[in-house]
Amino acid sequence: MPPIVAGKHRRKVRFPSSTSTTSSNSTNQQPPPTKSTLTNQKRPGQSRPRPKLSSATTGKMTSQAAPRPGIPDLFTQPSAIRDPLVTETTDLQDATLEKCLPFLKGISSTQQGPFNAYGVPALQRDDHVAFLYDSLEDYPPGFVILDASRPWMAYWGLAGLFLMGEDPTRFRERLIDTLRPAQNSTGGFGGGRGQISHLAGSYAAVLSLAIVGGEDTYSLIDRQAMWRWLGRLKQADGGFRVCEGGEEDVRGAYCVMAIISLLDLPSELPPDCEARKAGLNTLTDGLAQYLSRCQTFEGGISGSPGVEAHGAYAYCALACLALLGPPEETIVRHMNLPLLLSWLSSRQYGPEGGFSGRTNKLVDGCYSHWVGGCWPIIQSALDGKPQGSGPPATTVGSLFSREGLSRYILSCCQSPTGGLRDKPGKHADSYHTCYVLAGLSAMQHYHYRTDSATGSNKSWASAFTWRSTPIREDNVYEKSDRLAALHPLYGIPFPSVDEMRLWCEARPITP
Ligand code: FPP
Ligand code: K
Ligand code: ZN
């Protein structure tokens, strides 16, 4: 993803009747941390053993000021287990830890409070809401690269605002004006006017339109042309290219399944498409097998067969499998679950509490969604066939530390000028703001499936059985920091999923 920074050029644009409540003007009572020093200023030779974390080393590596009360040592002390080999990777990890520790301890001078009894700072609601509204306004010429990401900018802004309790439907007219010229008569949406259709842009466009909702909005989408275009992206090996002539990867697979299930497009391949010549009949033929080939020796899931496992692709693949059918069938059948659990669990780091995207890389706030979003799907797969209209009577429970991730998000990912970020030292952007908030929301909710689905089309039934309920116990954040819930497979509000689906079901496309 290109970095999207709406920093100093931001315009303060607010709607008059914002529903957000808290204002953030508390003081940081702790003295600023001592200036941090890194043990490894120069990179030692690859073969040199990495210094043990004796208390002296720990003292040098981590700022020595005492943490705020209420924070367990697990989140303020470097991990006891260290790779003994010094490499560029371990240096970067040490430097990242050094940057994060004052934030985890709640003693960085750039953190705003108030801090609660768990030593966790409040969500700076007003600042993040202002940042998101600004992200939907004009950009100066230097941001021209964003012209190819108009549907994404809309999605991140609208989903983020919904999570924060704002009303995204007020953007309905503006969204239609923005997306109408981005749609191509040959099917799908490009990043903006005059750009070829791309699955990522089309996915973001459909999700944004679903969020703002309404008759005019839904009818903007040429569903017949969309279906024909998707047929042209289908490949003989079961996967999808992201655009005509473009690369084939797991993003494509997920975006197509999200689009056809929300828009109730026919599962059959259009009569004239290439994939039919390879013996395929439906858009879903061979897809689960393709995803299965993307699971790597580590247990994670890669963008395409044979490359490195990554959290963002893992989410795409698992959400795609959960759209294809009940996850206790599709995921269990097509993934090695024990190996996947091992890799997914390894994505959460201590003491940071946040997730990394891949082995030997760093925590990043956006993986709160990409990796954090895998967990409810896995949990549901392990809970098995839904039994009633409410949450299952027994559940495997949380398979990761909700507390750790909540701490990382609230302590390390809030930019002092509004918006959320990858990690301390990085700028906020609307991509990270959206996905960090989505991760925090997922921490605050329990997502499960029921035995009844919205709509009548049985081929996508499982996708429409998800519900959510707030988790009330074991929280380290305040009531006022609660966010709205998103559908775990689509990343949009539950009612947006149901309304778009029902509207489309009532207007079937004839193949
Ligand atoms: C690595 O970046 C990132 C990737 C290889 C994947 C990015 C993909 C997404 C964010 C998901 C796209 C999903 C859809 C639905 C279109 P990096 O090397 O900068 O970061 P890292 O060090 O954390 O791996
Ligand atoms: K990253
Ligand atoms: Zn990121």
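Residues numbered from 1 in each chain as written. Chains lettered and ligands numbered in written order. Predicted model: local features only at pLDDT ≥ 70, side-chain atom pairs only at ≥ 80, totals over all residues.

J.: Give a detailed account of the overall build of the protein, specifying residues and quantitative values.
T.: Scanning the protein for helices and strands turns up 19 helices and two strands. Taking as baseline every contact in the protein between residues at least 6 positions apart, the subset at least 24 positions apart corresponds to 73%. (Helix = DSSP H or I, 4+ residues; strand = E, 2+ residues; numbered from the N terminus. Contact = placed C-beta atoms within 7 Å.)

J.: Lay out the nonpolar core in plain terms, naming residues and giving numbers.
T.: Residues Ala 159, Ala 253, Ala 317 and Cys 320 are the most contacted members of the largest nonpolar core, which totals 139 residues. Here the element with the most residues in this core is helix α12 (residues 311-324); it accounts for 13 residues. (Core = buried A, V, L, I, M, F, W, Y, C linked by C-beta atoms within 7 Å. Buried ≥ 20, exposed ≤ 12 C-beta atoms within 10 Å, placed from the backbone.)

J.: Pulling in residues and values, what's your account of the site of ligand 1?
T.: Close contacts around ligand 1 come from 13 residues, with Ala 200, Arg 251, Ala 312, Gly 357 and Lys 361 the closest. Broken down by secondary-structure element, the contributors of at least two residues to the shell around ligand 1 are α6 (199-212), α9 (250-263) and α12. Per-element accounting of the shell around ligand 1 gives the leading share, three residues, to α9. Along the lines of polarity and charge, the residues of the shell around ligand 1 split into seven nonpolar, two polar and four charged. (Near = placed C-beta within 6 Å. Nonpolar A, V, L, I, M, F, W, Y, C, P; charged D, E, K, R; others polar.)

J.: Describe the packing of helix α13 (residues 327-334) against helix α16 (residues 374-383), listing the residues and the values that go with them.
T.: Between α13 and α16, the least distance of the axes is 8 Å, while the angle of their chain directions is 100°. On the basis of the axis angle, α13 is roughly perpendicular to α16. Of α16, the residues touching α13 (which contributes Pro 327, Glu 328, Ile 331 and Val 332) are Ile 377, Ser 380 and Ala 381. (Axes fitted to C-alpha atoms, helices over the stretch in contact; angles between N-to-C directions. Parallel < 35°, antiparallel > 145°, perpendicular 65-115°, else oblique.)

J.: Go over the environment of Asp 216 with me, naming the residues and quoting the values.
T.: Locating Asp 216 in the fold gives a position in helix α7 (residues 215-220). When the C-alpha atoms of Asp 216 and Arg 172 are compared, they prove to be 9.1 Å apart, with 44 residues separating the residues in sequence.

J.: Residues and numbers for α13, please.
T.: Of the residues making up α13, those classed as buried are Pro 327, Thr 330, Ile 331 and His 334. Along α13, the residues classed as buried sweep out an arc of 90° about the axis, all on the same side. Here the buried face of α13 lies against α11 (287-293), α12, α14 (337-345) and α16. (Arc of directions from axis to C-beta.)

J.: Can you tell me about the packing of helix α17 (residues 402-412) against helix α18 (residues 430-444), naming the residues and giving the values?
T.: At their nearest, the axes of α17 and α18 sit 10 Å apart, and the two run at 145° to each other. Seen along the crossing, α17 lies across α18 with a hand that is left-handed. In this structure, α17 uses Arg 402, Leu 405, Ser 406 and Ile 409 to contact α18, whose residues at the interface are Val 436, Gly 439, Leu 440 and Met 443. Across the contact of α17 with α18, the residue classes break down as five nonpolar, two polar and one charged. (Left-handed = near helix turned anticlockwise from the far one by under 90°.)

J.: Can you tell me about the pairing of strand β1 (residues 445-449), naming the residues and giving the values?
T.: Regular strands place their side chains on alternate faces of the sheet. Where burial is concerned, most of β1 is hidden: four out of the five residues are buried. Bridge count for β1 against strand β2 (residues 466-470) is five bridges, and the pairing is antiparallel. By the bridge assignment, Arg 449 is partnered in β2 with Trp 466. (Pairing = 2+ DSSP bridges.)

J.: Run through the confidence of the model for the protein, naming residues and quoting values.
T.: Scored by pLDDT, the protein comes out at a mean of 90, with 87% of its residues at no less than 70. Across the protein, the element-wise mean pLDDT spans from 44 in helix α1 (residues 55-61) up to 99 in α6. Taken as a whole, residues 1-47 scores under 50 in pLDDT and shows 86 contacts with residues more than four places along the chain or in a different chain. Across the predicted assembly, pTM comes out at 0.90 and ipTM at 0.98. (pLDDT = per-residue confidence, 0-100.)

J.: Give me the lowdown on the environment of Pro 181, citing residues and values where you can.
T.: Within the fold, Pro 181 resides in the loop between α5 (172-179) and α6. Put simply, Pro 181 and Ser 496 are 315 residues apart on the chain and 23 Å apart in space, counted from C-alpha to C-alpha.

J.: Outline unusual backbone geometry, supporting the account with residue identities and numerical values.
T.: Residue Pro 114 follows Gly 113 across a cis peptide bond; omega there is 0°. Inspection of the secondary structure puts Pro 114 in the loop between α2 (88-104) and α3 (125-135). Across the junction of Gly 350 and Pro 351, the peptide omega takes the value 5°, indicating a cis bond. Among the structural elements, Pro 351 can be located in the loop between α14 and α15 (367-370).

J.: Which residues make up the environment of Leu 263, and what values do they have?
T.: As for its placement among the helices and strands, Leu 263 is situated in helix α9. Overall, the presence of 23 C-beta atoms within 10 Å leaves Leu 263 in the buried class. It is 12 Å that separates the C-alpha atoms of Leu 263 and Leu 230, two residues lying 33 residues apart in sequence. Setting aside its immediate chain neighbours within four residues, Leu 263 contacts Val 206, Ile 221, Arg 223, Met 226 and Cys 504.

J.: Run through α18, naming residues and quoting values.
T.: An α-helical segment advances 3.6 residues per turn. Residues three or four places apart therefore align on the same side. Over its 15 residues, α18 extends 21 Å from the first C-alpha to the last, a length consistent with the 21 Å expected when each residue adds 1.5 Å. Counting buried residues in α18 gives 15 out of 15 residues, a clear majority hidden from the surface. (Expected span 1.5 Å × (residues − 1).)

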